[in-house]
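Geometric and topological summary
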Amino acid sequence: MKAHVGVVGLAVMGQNLALNIARNGYAVAVYNRTAERTKQFVEERVKGEKIIPSFDVQSFVESVERPRKIILMVKAGSPVDEMIEELLPYLDKDDLIIDAGNSHYGDTNRRLEELSHRGILFLGMGVSGGEYGALHGPSIMPGGTLEAYKMIQDVLTKIAAKTEDGPCCTYVGNGSAGHFVKMVHNGIEYSIMQAISEVYDVMRKILKMNSVEIGEVFEEWNKSELASFLVEITYKIMKHIDEETKKPLVELILDKAEQKGTGKWTAQTALDLGVPTPSLNVAVFARTISHFKEQRKELSRIFGEKKRVHAEQRLIEDLKKSLHFSMFLSFSQGLWLIHEASNVYNYNVDLLEVLRIWKGGCIIRAKLLDLLRSILRENPQNVNLLASETTIQFVKEKLPSALKVNSIARESGVPTPVLSNSIDYLLSLTEENLPANLIQAQRDFFGAHTFERTDKQGTFHVEWQELE
Ligand code: NBP
């Protein structure tokens, strides 16, 4: 028996994806660089599923039916290139390699180009949902040629998460569109995680709530319009008691946030493409700042204790609205970035489809996505979702709370970078006159960079001071 599809890389994601595919009725060939991991996987986790292990690359490739469909689930970066090089001698024309890791979209473009010269089809595919999603149904974002997608479409749509709007998998677009969309998904994820953490910080430092009480609030919120995977895991985390100390475990975790790069790439790309994504960008910096633990400790001692202002418990309702506001604007920024990239790189991404496949399986799944879809459906050109009567109503209802939270947090010395940058993003974009006229004057003053005028056409330069 030959396998319908092959999976390379049997760390958490690869194992679970292989099992998911097999449980959906397909025979799966598996290979991992380190043989021990393959053996362990087969012994401990394979229970009657049609999984065919191999311990060398040639046998692995030969165990997959032609045209071959091989999914790579290895560490992003050079391991993907190394694995492709190892596979190539045994592959035939029109075989398909699918890179399902978190590869940078630039690498995906390069691989697409290189492999097309060698007659091999290639898809760059974002997979979201962590290890649970990989096993039970992730959100899947494949990009490349439609021809390549069609070869694996049946498998992908079967293993993807399902919602009332269909399987959470779609052909995202040309070239590196899949990995680009997955990267921005992660950028939005960083922003929402940070916004939730800021709300938690206000609750514990200003409202003096304990972790279990905070967990109860998040649990209630998860039954409302804020319902989302990230709010759900937050209440579960808050209520998790450490067996050893009997304290909420979250209180014992060191406040240094790690990152693997996709949030940073999103911020870098947004800067390169000139798309404003301030909430997404400061979420990356918040993680960076968290790393300076020793410095923060020392400076907090030097600067002394911050005076927290008193706030009533009803601030909780404002926090809820403030979080909802930031979540909305995080999506607004991310969608705008995808739209711009789609234009620049000819991805041809359908934003409505992206929002649909984010509804299930992935880390940023949220009830809010239905609202976003309805706004975009009204006007598909409204790529940052702001120019809509629904958005105006939403902002009217949430902005006063966001401002109140911002002000109390500021007065109390509690940093809220994402909550406050979301406000500035909205205020800036809804302001006709920004002080950029002064910036242009300054640039012209010291660098003769020229400026345009509001009262006549042309490009101007003025000698702002006499040169000696
Ligand atoms: P890791 O990202 O930790 O990668 C481990 C796998 O890569 C192992 O199978 C390892 O083989 C293999 N590998 C390495 Br490292 N170097 C290799 C090389 N030079 N040649 C061949 N194989 C090599 O695993 P993961 O956490 O399962 O993630 C897999 C991919 O999925 C990554 O790109 C990740 O960013 C992405 N992703 C992860 C998650 C998540 O929740 N973890 C979610 C979404 C996407 P070995 O056993 O021989 O060392």
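Just so we're clear, the structure is a prediction, and the values are computed from it rather than from any experiment.

In this structure, Phe-180, Phe-218, Trp-221, Leu-323 and Trp-358 are the most contacted members of the largest nonpolar core, which totals 88 residues. Split by domain, this core shows at least three residues from each of two domains, domain 1 (5–175) and domain 2 (182–429). Aside from chain neighbours lying at most four places away, what touches Phe-180 is Tyr-105, Thr-269, Leu-273, Leu-337, Ile-338, Ala-341, Tyr-345 and Tyr-347. Membership of the second largest hydrophobic core comes to 34 residues, among which are Val-30, Val-46, Ile-51 and Ile-152.

Our next topic: helix H16 (residues 368–378). Buried within H16 we find Leu-368, Leu-369, Leu-372, Arg-373, Ile-375 and Leu-376. Projected down its long axis, H16 shows its buried positions confined to an angular sector of 160°, all on one face. Buried residues along H16 sit against helix H14 (315–345), helix H15 (351–357) and helix H17 (389–412).

Enumeration over the complete set of coordinates arrives at 29 salt bridges. We note a salt bridge from Asp-92 to Arg-66, for which the minimum N-O separation is 3.3 Å. Of this pair, Asp-92 sits in the loop between helix H4 (78–87) and strand E5 (96–99) while Arg-66 sits in the loop between helix H3 (57–62) and strand E4 (69–72), and the two are 26 residues apart along the sequence. A residue is classified by how much of its surface remains accessible, and Asp-92, at 25% relative accessible area, is partly exposed.

Bringing helix H12 (residues 278–290) into the picture now. Because the α-helix completes a turn every 3.6 residues, residues three or four places apart line up on one side. Compared with the 18 Å implied by 1.5 Å per residue over 13 residues, the 18 Å span of H12 between its first and last C-alpha is a close match. Taken together, the buried positions of H12 are Ser-279, Leu-280, Asn-281, Val-282, Ala-283, Val-284, Ala-286, Arg-287 and Ser-290. Looking at the packing, one finds that the buried side of H12 touches helix H8 (177–205), helix H11 (262–273), helix H13 (293–303), H14 and helix H18 (417–429).

The tally for this structure, following the rule as stated, stands at 13 aromatic pairs. Pairing Phe-218 with Trp-221 gives two aromatic rings, centres 5.0 Å apart and planes at 65°, and the pair type is edge-to-face. In this pair, Phe-218 and Trp-221 both sit in helix H9 (residues 211–221), three residues apart, roughly one turn of the helix. With a centroid separation of 6.3 Å and an interplanar angle of 45°, the aromatic rings of Phe-331 and Trp-358 are classed as tilted. Placement of Phe-331 in helix H14 and of Trp-358 in the loop between H15 and H16 is noted, with a sequence separation of 27 residues between them. Exposure class is identical for Phe-331 and Trp-358. Each is buried. One aromatic cluster is present, built from ring pairs that chain together Tyr-105, Phe-180, Tyr-345 and Tyr-347. Taking NZ or CZ as reference, Lys-39 lies 6.0 Å from the ring centre of Phe-55, over its face. Just above the ring of Tyr-190 sits the side chain of Arg-287; from NZ or CZ to the centre is 3.6 Å.

The rules behind the values
- Residues numbered from 1 in each chain as written.
- Predicted model: local features only at pLDDT ≥ 70, side-chain atom pairs only at ≥ 80, totals over all residues.
- Heavy atoms only, no water.
- Core = buried A, V, L, I, M, F, W, Y, C linked by side-chain atoms within 4.5 Å.
- Buried < 20%, exposed > 50% of the residue type's maximum accessible area, 1.4 Å probe, protein only.
- Domains from an automatic or database assignment.
- Contact = heavy atoms within 4.5 Å.
- Helix = DSSP H or I, 4+ residues; strand = E, 2+ residues; numbered from the N terminus.
- Arc of directions from axis to C-beta.
- Salt bridge = Lys/Arg side-chain N within 4 Å of Asp/Glu carboxyl O.
- Expected span 1.5 Å × (residues − 1).
- Phe/Tyr/Trp six-rings, centres within 6.5 Å; stacked < 30°, edge-to-face > 60°.
- Lys NZ or Arg CZ within 6 Å of the ring centre and 35° of its normal.

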